[in-house]
Amino acid sequence: MDAYERITRNAAEVVTEEEIEALADDPDGKRAYVGYEPSGVLHIGHMLTANKLIDLQEAGFEVTVLLADVHAYLNDKGSFEEIRHTAERMRDQFIAYGLDESNTQFVLGSDFQLDDDYTLDLHSLELETTLARAERAMAEITSGDSVKVSQAVYPLMQALDIPYLGVDLAVGGMEQRKVHMLARDVLPSIDREPPTSLHTPLIADLGTGRGKMSSSEGVTISMEDSREDIESKVNDAYCPPTADPEPTDDGEARENPVLQVFEYHVFPRFDAVVVERPEEYGGDLEYESYDALEADLESGELHPADAKGALAEYLDRLIAPGREQLAE
Ligand code: IYR
């Protein structure tokens, strides 16, 4: 796999392809980052962007993980003290998950976002941006009905993080895309380059295949889960024998979250996936690519129950190091 392929595999969107191609031509010493509101324990949403960071490290990039304590505070996630404490626990979780410690830089937002220069640049961006635009950028990041001033400041700070961290590539889930588009539009007003970004897909809720999997609602997988927890969540997951399930009766789109987790979490981290089956049901199956597994699920060669058994096994392997780290 060449650098461009590794950088862009499983991405839902890159902005722009030409800019990513230029980075892929000479990735050494280039820096990519993801920012996370500290939550202490990694869950499957963090793991998806972390997989991309691991791809980028393998392609030669250096990586910054921003533990966005000030952002979490602005997004009403608790007292500043609590958030700071939680941020410390997250660092070790990322390393346990598989980020390369020797080339991952962890930065707290509050290490630079309270400096005079940053604050003045932030005020310049505030002058450039309408409230309506800031609100739109936040639509998929915040919940809650009434928009606070803090939530209008939030995306402008996220935009400003990019030049202040000196990164070449901003990575995030698709829910971050409008913030990155805002950043492309406003950063030139303070003589900064429009940033290049890469967005990972959103995975549907494991239980229903609807909407997106989130830590606040529905079923999610986290580093706190025991093997039994994982088995029972995966066992109850929505898994029709197709990658394109019919929409619900009320017209809502559905995905197959079991296949999505195989595609975005398991295959990127393992060379092959073995589905164990008793001899009388045809014996073990081995897949070297996601597409082969999907094809067998669709043809009926692979039963959803066997796919789920394998998914629980591989998810457990991904989570075990983080779970052990939490127990320390
Ligand atoms: N908005 C992110 C957190 C975040 C991301 C980046 I990239 C920043 O520079 C700052 C904050 C979230 O929703 O978790």
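Predicted model, so just to flag it, every value in this text is computed and none were measured. Counting of residues starts from 1 at the beginning of each chain's written sequence and follows it residue by residue. Where totals are concerned, whole chains, interfaces and linings use all residues; where local detail is concerned, this predicted model gives features only for residues with pLDDT of at least 70, and gives and counts side-chain atom pairs only at 80 or more. Side-chain measures here rest on the full set of heavy atoms in the structure, leaving out hydrogens and waters.

Colleague: I would appreciate a short explanation of the environment of Phe 80 in the present structure.
Modeller: Think of it this way: any DSSP run of H or I at least four residues long counts as a helix, any run of E at least two long counts as a strand, and we number them from the N terminus. Its location among the elements puts Phe 80 in helix α5 (residues 80-97). Any two residues having at least one pair of non-hydrogen atoms within 4.5 Å are treated as being in contact. When neighbours within four sequence positions are excluded, Phe 80 is seen to be in contact with Asp 69, Val 70, Tyr 73 and Ser 110.

Colleague: Where do I start with the pairing of strand β5 (residues 169-173) in this structure?
Modeller: Residues in a regular strand project their side chains so that they alternate between the two faces of the sheet. For every residue, the accessible area obtained with a 1.4 Å probe (protein chains only) is divided by the maximum for its type, and the residue is called buried under 20%, exposed over 50%, and partly exposed between those limits. In terms of residue burial, β5 counts as a mostly covered element, since 5 of its 5 residues are buried. Bridge analysis of strand β2 (residues 31-36) against β5 gives 2 bridges, and the strand direction is parallel. Of the residues in β5, the one forming a bridge with Ala 32 is Leu 169. Should DSSP find at least two bridges between two strands, the strands are regarded as paired. Pairing of β5 with strand β6 (residues 196-200), which is carried by 5 bridges, proceeds in the parallel orientation. Of the residues in β6, the one forming a bridge with Val 171 is Leu 198. Orient the strands so they point away from the viewer, and a crossover whose first-strand-to-second-strand path over the helix runs clockwise is right-handed. Viewed along the sheet, the connection from β5 through helix α9 (residues 177-186) into β6 turns out right-handed.

Colleague: How do you make sense of the site of the ligand when you look at a structure like this?
Modeller: Note on terminology: near, applied to a residue and a molecule or strand, indicates that one of the residue's heavy atoms is within 4 Å of it. Tyr 33, Gly 35, Glu 37, Leu 66, Ala 68, His 71, Ile 141, Tyr 154, Gln 158, Asp 161 and Gln 176 make up every residue found near the ligand. Nitrogen and oxygen atoms within 3.5 Å of one another constitute a polar contact, given that in protein one can donate a hydrogen and the other can accept it, and given that sequence-neighbouring residues count only through two side-chain atoms. Within the contact set of the ligand, a nitrogen atom lies 2.9 Å away from a side-chain nitrogen or oxygen of Gln 158. Here an oxygen atom of the ligand sits 2.6 Å away from a polar atom, N or O, in the side chain of Asp 161. Alone, the ligand offers 390 Å² of accessible surface; in the complex the protein occludes 91% of this. For the shell around the ligand, the secondary-structure elements that each account for two or more residues are β2 and α8 (149-165). The dominant element in the shell around the ligand, judged by the number of residues it contributes, is α8, at 3 residues. Taken together, the residues of the shell around the ligand break down into 5 nonpolar, 4 polar and 2 charged. Residue exposure ignores everything except the shown protein chains as possible cover, and the areas themselves are Shrake-Rupley values with a 1.4 Å probe. Residue type decides the class: Asp, Glu, Lys and Arg count as charged, Ala, Val, Leu, Ile, Met, Phe, Trp, Tyr, Cys and Pro as nonpolar, and the leftover types, Gly among them, as polar.

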